[in-house]
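# Tertiary structure, described
Listed below, chain by chain, are the residues.
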Amino acid sequence: MDFTLSPESKMMIKAAREFARQVIEPIAAKMEEEDVLPDDLLPKFAGAKMLGMTVPREYGGTQTTALNMILVSEELAKGASAAYWVMAMNNSVAETIHHWGSEEQRRRFLPPLCDGSHYASMAFTEPGTGSRRQLP
Amino acid sequence: MTAAPDGDDYVLNGTKRFITNGHKVGHGVFFAKDETSKVTAFLVDKSAGGYSCSKPWALMGLGGQGLVDVFLKDVKVPKAHILGEKSKGFRLLLRWIAGERVQQMVFMVGMGQACLDESLKYGKERMVRGKPMTAMQGFQWMLSEMHASIEACRWWTYRIAGKQDEGDDIQVDSAALKLFVVPAIQEVARKALQFHGPYGYCKGYKIEKLYRAIAHGGVTALLIGEGVADQVEELVCHGADRVILADDPVAKDYRTEVYTGTLVEQVLKTKPEILLIGATRQGRDLAPRVAARLNTGCSSDCTELDIDPETRLLVATKPFIGNNVMADMICPLFRPQMVTVRPGVFELEGKDRARRGKLIHAAVNFKEEDVKVRVIKIVRTPSKGAGLERAEKVVAGGMGIGDAGGFEMLKELAHLLGAELGATSLPIEAGWLPRECKIGQIGKTVRPRLYLACGISGAVQHTAGIVNSEAIVAINKDPKAEIFDVADYGIVDDLKRVVPAIIDELKKRVGKRLH
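Note that the structure is predicted; figures quoted are calculated from it, not measured.

### Details of helix H3 (residues 171-195) of chain B
Taking 1.5 Å per residue as the helical rise, H3(B) with its 25 residues ought to reach 36 Å, and the 36 Å between its terminal C-alpha atoms agrees with that figure. Those residues of H3(B) that sit buried are B:Ser174, B:Leu177, B:Val181, B:Ala184, B:Ile185, B:Val188, B:Ala189, B:Lys191, B:Ala192, B:Leu193 and B:Phe195.

### Focus on the pattern of salt bridges
Taken as a whole and assessed by the stated rule, the structure comprises 35 salt bridges over all chains. Salt-bridge contacts for A:Glu103 lead to A:Arg106; the nearest nitrogen and oxygen are separated by 3.8 Å. Of this pair, A:Glu103 and A:Arg106 both sit in helix H5 (residues 103-114), three residues apart, which is roughly one turn of that helix. Look at A:Glu103 and you get partly exposed, because its relative accessible area is 39%. In this structure, B:Glu408 engages B:Lys411 in a salt bridge whose closest nitrogen and oxygen atoms are separated by 3.3 Å. Taken together, the residues span about one helical turn, with B:Glu408 and B:Lys411 both in helix H8 (residues 404-417) at a distance of three residues. For B:Glu408, a relative accessible area of 48% puts it in the partly exposed group. The network of salt bridges with common partners includes A:Glu58, A:Glu103, A:Arg106 and A:Arg107.

### Quick look at the pairing of strand S1 (residues 2-6) of chain B
A regular strand places its side chains on the two faces of the sheet in alternate fashion. All names here are of chain B. Across five bridges, the pairing between S1 and strand S2 (residues 9-20) is antiparallel. Residue pairing in the sheet places Pro5 in a bridge with Tyr10 of S2. Linkage of S1 to S2, two consecutive antiparallel strands, is achieved through a turn of two residues, within which Gly7 is found at a positive phi near 65°.

### Some remarks on a nonpolar patch on the surface
Taken together, the side chains of A:Met1, A:Phe3 and B:Trp155 define a hydrophobic patch exposed on the protein surface, amounting to about 410 Å² of accessible area. Here A:Met1 shows up in the segment before helix H1 (7-34). According to the relative accessible area criterion, A:Met1 is exposed, its value standing at 76%.

About the thresholds
- Residues numbered from 1 in each chain as written.
- Chains lettered and ligands numbered in written order.
- Predicted model: local features only at pLDDT ≥ 70, side-chain atom pairs only at ≥ 80, totals over all residues.
- Heavy atoms only, no water.
- Helix = DSSP H or I, 4+ residues; strand = E, 2+ residues; numbered from the N terminus.
- Expected span 1.5 Å × (residues − 1).
- Buried < 20%, exposed > 50% of the residue type's maximum accessible area, 1.4 Å probe, protein only.
- Salt bridge = Lys/Arg side-chain N within 4 Å of Asp/Glu carboxyl O.
- Pairing = 2+ DSSP bridges.
- Patch = residues over 30% accessible without salt bridge, like charges linked within 9 Å, V, L, I, M, F, W, Y side chains within 5 Å.
- Areas by Shrake-Rupley, 256 points an atom, 1.4 Å probe, with all protein chains shown as cover.

Here you go:
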């Protein structure tokens, strides 16, 4: 079993740290205070190859491993900012569509999630149901 | 949410809650029960006709995430946009949740690491008796424990991500991971806050934000009125970590509009987990309006508060039907968890003069000319029962007193004892005493050292308000009266004989000092 991080992984961690410092840190306080997401943030994630990370390149993804996505995510998490979840949601939903979708669905729905022009949502919780353990 | 087939489409109807990006452009994966009552996943265009959403929920931390409720009314989705197999949506959902859990847990790991980094930075700069904190072994222990927890969480998380790459099913792994990581990182955040001392509660310090995103803490008091600044210290000494002071002439008198608006504004800004309001006459007017505006629930008139150690939810206990039925109420879905608390049921903790808190000045954003209600004059009804809630001794009468004249006798007794005068509901309705004197479930709650119940039958509606008294002495000619069930001492006799006898005896004892 290999417990080392590859040079590629280390490079991605470094890039993510830099992205967090240059792009997220300056806007984090304002986001928190005013409770708004800047419109240009998602495209910036896309520019840094942080969306659709596990999706193959032919659909606009970064085509890297789940572990690399987690390593990159860890760097972004340090700011405790909602920016994290915008990135995380586009990644997890793109992965889901790639895994279960038909070829036609992949071609239609994946590119806009990977280039940051569409925002992903996952809608299962309802006022009376949810993923949370049910209280008696 | 339901999905009904209609030609080449499905028609979706229903409500979804807490949907990230539900109000933003793109497609969302929506889960709905199809015609076979099984769950099917649909790719729904968020700009489709019949699609609408609420404004984003105000969250404790993570501002900007944008969680909204989504309402689908006859939204048409082509059958070609079913994701995965029809009726097999639940499998798809479980797989997504498993992957998302790993993302959640690495979020915790990253935030935990930030907690440690911030603590280390702070500890190197903060000097205690000429040495940095980090040079002291006690603090080194804290940092070591934080480091060990984070590393354990980190490498387990990496391993589960590796399993995903190997194509393994990680549903059980990710659930176990979450079970371990969440409490571990919450403890890291708590330690980091402790490490920072009072600075940890101060806005601007990153640790305050991290702690809010991971766990919670601190008591904030809202002080509103005119010329009330001198009470800030009082609040801090009694336990407030922060006091928001809204001192403005427009807030001089209680007016629903001004107080509701100001409180709601501050709640949206500070995002508390729990909001407590006294169930005073004003509080009862204020709380439901605030709850409605914040789109949350409110348990009113509670007498006990607790935090469930497992769910970390506030458990508010409300007595019903006297104190015979106690209901534990929780608010798992909405924030803040709102409760109004009956005044007088909690003992005030001792004053701690050494406590330090933070004062935050807030504006009252109302102009006098815009407020719909103007206070022209305040007329106080002559009150005999103003001090009932805090009285050391209380003399109270029920219907057994007979008439208004009977209360004159009780008044004299109360005067001699240095007690406050109260009554059950019916004598008040009869107009024998003013409303302020009403004790019981829908009146005041008292907790005196001595409660003297004269001609009171002891219905639960009344005894609900007196059970916290230290000693209850009951006088009633009916030996079967329920009051004797709660009384510490009982006198079975006609009060028209007993009370004058007590009065005579008291007069003899106090001599000429009073009469």
